[in-house]
Amino acid sequence: MLHSPAPQPAVEVTDLRKAYGNVVAVDGVSFRLEPGTVTALLGGNGAGKTTTISMLMGLVVPTSGMARIFGVDMARHRHKVLHRVNFESPYVDIPMRMTVHQNLEVFARIYGVPDRDVRIATLAEELRLGDFLNRPYGKLSAGQKTRVSLAKALLNHPELLLLDEPTASLDPDTADWVRTRIETYCRDENATVLLASHNMAEVERLASRVIMLEKGRVIADQTPRSLVEHYGRQTLEEVFLDIARGKRDADTTGARHDD
Amino acid sequence: MTETHGTRPRLLAQTGPAASARRIGGLVLRYWYVIRSSWPRMAELIYWPLLQMLMWGFLQTHLAKTTSFAANAAGLFIGGVLLWDILVRSQLGFSVAFLEEYWSRNLGHLMMSPLRPFELIAALMIVSLLKLSVAMVPVAFLAYVFFGFNVLSLGFAFAAFFANLILTSWTLGLISTGVVLRWGLGAESFSWLIVFVLLPVACVYYPLSTLPGWLQPVALALPPTYVFEGLRALVTEGVFRGGDMAMALALNLLYFCLGYAAFRWFLEEARRSGSLVQMGE
């Protein structure tokens, strides 16, 4: 009987560890993201999310273990796949004095986007950037900046999209609009998404899988629904609070914990 | 089975000289947009070279009236200051362009893009020449208008001086950029000050023989010393010392290679220590 080969994972993290001196930021994390899936990486502040994503992008070298994207070791050969990846984060800015169009043009050249003007015009229409395409990025509102960051992240039609709190500091309407755009992109382009977020409603809406980190370790890896059921809660936010407050495996039937 | 990248529009080639040129061009365009977006920045590029040129030009005019040496060596100080400013402006053009990425918190975007480290360096080198042109072309013209000193009258010698000073500035830029990568903006002042360590030792305004004997070997290990000694030989004796320029070039090539190796080492250290993610002081 013939078997088709197993699909190459978009992301494969194996026993990843990062220590800064005596401080262990990531401690033996392993997971695998299949192509076309949306996975949320959750955890409180200092849980190891940013360090894990940074090692995925090759910005930080692991102390041990390995992070692969499309089969490529990111610590050694990251430039072989970086054109197939992109990311969006409100914590990494885009040059303020350049206009939106200038910024997108520069990144389009760096990523090797063909027909740059056509691609920028398409994204401007899809993400409603037309009114401020020629305004300096620094003079935009938070919502407009997020849309520009998203346009930058989608310029190269990334197969893997890393999103770090993509709707942080946005009003509910704009945040909902951004989530819809992300959903549309994933559906249309069958992209793999790794989403770091503190907004549990966003995670429940976008992600089909949740990887929960605590003190640098994976403490849960399942669907949002099964995680909620496992903890006997109504929402993912309640589960998150349980874990953050050290109630991981206890009192799974009680009411929400108060401070 | 779905091929996740099967239906996507293909990107342009990612490897080879054309891909590198495209990425370098993109980054140069980014810096050019920043330069031209702010007239105070344009003015700042010219400000210090112009002040220096005027101050040393008037000093030389005064000395020419009172000392026979200065009278016979017209252009010595003003030539020195113009060449020194080529070194300073080129290094600052390189280093400050990189600092822009920290100030705008854009470094993460670049480091997570397909841009290679050598392409970043190549873009910074081109930008340093661009900024130098903006700064020095008007100042060199005004030196001719005010004091009758035509830097182009130095001919081929000027090309040799220029090439050597630019190479030195790039080496200093590589080291300062690497230091900032590793230690963040807390080390920013290093970028502004590193070039001035050469000022007393590289014999910008006085001959090598002025230095104490123990310091002269140090000066001779610095490529700019040969340039400024060469300028004095040209102005006072009318002699172009080609051998000295070749020596300066050899030293420059050696130091540039060491500077690039140091930059790569600092970059790897930054990836190990996590300082690329921190972006602060």
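Right above here is the structure, for reference.
From a predicted model like this one, the values you see are computed outputs, not experimental measurements.

Caption draft 1: Quick peek at the overall build of chain B. For chain B, the helix and strand inventory stands at 12 helices and 0 strands. Along the first, second and third principal axes, the C-alpha set of chain B runs to 85 × 40 × 35 Å. Every one of the 281 residues in chain B was classed for burial, and the buried ones make up 43%. For chain B, the proportion of contacts with a sequence separation of at least 24, taken over those separated by at least 6, is 75%.

Caption draft 2: Molecular detail of the packing of helix α7 (residues 156-183) of chain B against helix α10 (residues 223-237) of chain B. All names here are of chain B. Viewed as axis vectors pointing N to C, α7 and α10 meet at an angle of 160°, and their least axial separation amounts to 9 Å. Classified by the angle between their axes, α7 and α10 sit roughly antiparallel to one another. α10 is crossed by α7, and the crossing has left-handed handedness. Each of Ala157, Phe161, Asn164, Leu165 and Thr168 in α7 lies in contact with α10, whose residues at this interface are Pro223, Pro224, Val227, Gly230, Leu231 and Leu234. When grouped by side-chain class, the residues that make up the contact of α7 with α10 number 8 nonpolar, 3 polar and no charged.

Caption draft 3: Layout of the interface of chain B and chain A. Taken together, the contact between chain B and chain A spans 38 residues of the former and 36 residues of the latter. Elements that contribute at least two residues to the side of chain B that touches chain A include exactly α1 (17-36), α5 (107-111), α11 (242-273) and α12 (275-278) of chain B. Examining the composition of the side of chain B that touches chain A, we find that 10 residues originate from one element, α1 of chain B, more than from any other. Across the side of chain B that touches chain A, the residue classes tally to 16 nonpolar, 14 polar and 8 charged.

Caption draft 4: Structural view of the packing of α1 of chain B against helix α6 (residues 117-147) of chain B. Residues and elements named next belong to chain B. Their axes nearest at 9 Å, the elements α1 and α6 cross at an angle of 40°. Relative to α6, the element α1 lies oblique. As for how α1 packs across α6, the hand of that crossing is right-handed. Counted together, Ser20, Arg23, Ile24, Leu27, Val28, Tyr31, Trp32 and Ile35 of α1 and Glu119, Leu120, Ala122, Ala123, Ile126, Val127, Leu130 and Lys131 of α6 form the full contact between these two elements. A per-class count over the contact of α1 with α6 returns 12 nonpolar, 1 polar and 3 charged.

Caption draft 5: Representation of the sheet that holds strand β2 (residues 23-33) of chain A within the structure. Residue and element names in this part refer to chain A. Taken together, the 4 strands give an open sheet; going across it, the order is β2-β1-β4-β5, and neighbouring strands pair in antiparallel fashion. At either end of the open sheet lies a strand with only one pairing partner, and these are β2 and β5 (72-73). Here helix α1 (residues 49-56) sits on the sheet and contacts β1 (11-20), β2 and β4 (64-69); the angle it forms with β1, its principal contact strand, is near 120°.

Caption draft 6: Spatial organisation of the pairing of β2 of chain A. All names here are of chain A. Of the strand pairs in this sheet, β1 and β2 are connected by 8 bridges, and their pairing is antiparallel. The residue of β2 that forms the bridge with glutamate 12 is arginine 32. Linking β1 to β2, which pair antiparallel, is a turn of 2 residues; within it glycine 21 sits at a positive phi near 65°.

Caption draft 7: Structural view of the nonpolar core. Counting residues in hydrophobic clusters, the biggest one holds 153 residues, and the most contacted among them are Ile69, Leu155, Leu195 and Val203 of chain A together with Ile78, Leu83 and Leu124 of chain B. Ranked by the residues each element gives to this core, the list is headed by helix α4 (residues 76-103) of chain B, at 15 residues. If near-sequence neighbours (up to four positions away) are discounted, isoleucine 78 of chain B is found in contact with Met53, Trp56, Gly57, Gln60, Ala143, Phe147 and Phe149 of chain B.

Caption draft 8: Main features of the environment of leucine 193 of chain B. In this fold, leucine 193 of chain B is placed in helix α8 (residues 188-193). Along the backbone, leucine 193 of chain B and leucine 92 of chain B are 101 residues apart, and their C-alpha atoms lie at a distance of 9.3 Å.

Caption draft 9: Molecular detail of α6 of chain B. Residues and elements named next belong to chain B. Taking 1.5 Å per residue, 31 residues should reach 45 Å; α6 reaches 43 Å between its end C-alpha atoms and fits that length. At serine 133, α6 is bent by approximately 30°, the largest bend along its length. Positive backbone phi, approximately 70°, marks glycine 148, located one or two places after α6.

Caption draft 10: Up close: the environment of leucine 123 of chain A. All names here are of chain A. By the secondary structure assignment, leucine 123 is in helix α4 (residues 116-126). Expressed as a C-alpha distance, the spacing of leucine 123 and leucine 104, which sit 19 residues apart in the sequence, is 9.9 Å. In contact with leucine 123, not counting residues within four places along its chain, are Leu129, Ala151, Leu154 and Leu155.

Caption draft 11: Representation of unusual backbone geometry in the model. Residues and elements named next belong to chain A. Phi angles above zero are rare outside glycine, and phenylalanine 70 is one such case at about 50°. Looking at where phenylalanine 70 falls in the secondary structure, it is placed in the loop between β4 and β5. Residue phenylalanine 70 is classed as buried on the basis of its 20 C-beta neighbours within 10 Å. In this model, histidine 157 sits at a positive phi of 50°, which is unusual for a non-glycine residue. Within the secondary structure, histidine 157 sits in the loop between α5 (142-154) and β7 (160-164).

Caption draft 12: Layout of the pairing of β4 of chain A. Residues and elements named next belong to chain A. Relative to β4, β1 runs antiparallel, the two sharing 5 bridges. Residue glutamate 12 lies in a different strand from β4, and its bridge partner there is arginine 68. Alignment of β4 against β5, held across 2 bridges, turns out to be antiparallel. Looking at β5, one finds that isoleucine 69 is bridged to valine 72. Connecting the antiparallel pair β4 and β5 is a turn made up of 2 residues, with phenylalanine 70 showing a positive phi of about 50°.

About the criteria used
- Residues numbered from 1 in each chain as written.
- Chains lettered and ligands numbered in written order.
- Predicted model: local features only at pLDDT ≥ 70, side-chain atom pairs only at ≥ 80, totals over all residues.
- Helix = DSSP H or I, 4+ residues; strand = E, 2+ residues; numbered from the N terminus.
- Buried ≥ 20, exposed ≤ 12 C-beta atoms within 10 Å, placed from the backbone.
- Contact = placed C-beta atoms within 7 Å.
- Axes fitted to C-alpha atoms, helices over the stretch in contact; angles between N-to-C directions.
- Parallel < 35°, antiparallel > 145°, perpendicular 65-115°, else oblique.
- Left-handed = near helix turned anticlockwise from the far one by under 90°.
- Nonpolar A, V, L, I, M, F, W, Y, C, P; charged D, E, K, R; others polar.
- Pairing = 2+ DSSP bridges.
- Core = buried A, V, L, I, M, F, W, Y, C linked by C-beta atoms within 7 Å.
- Expected span 1.5 Å × (residues − 1).
- Bend = angle between axes of the 7 residues up to and from the residue.

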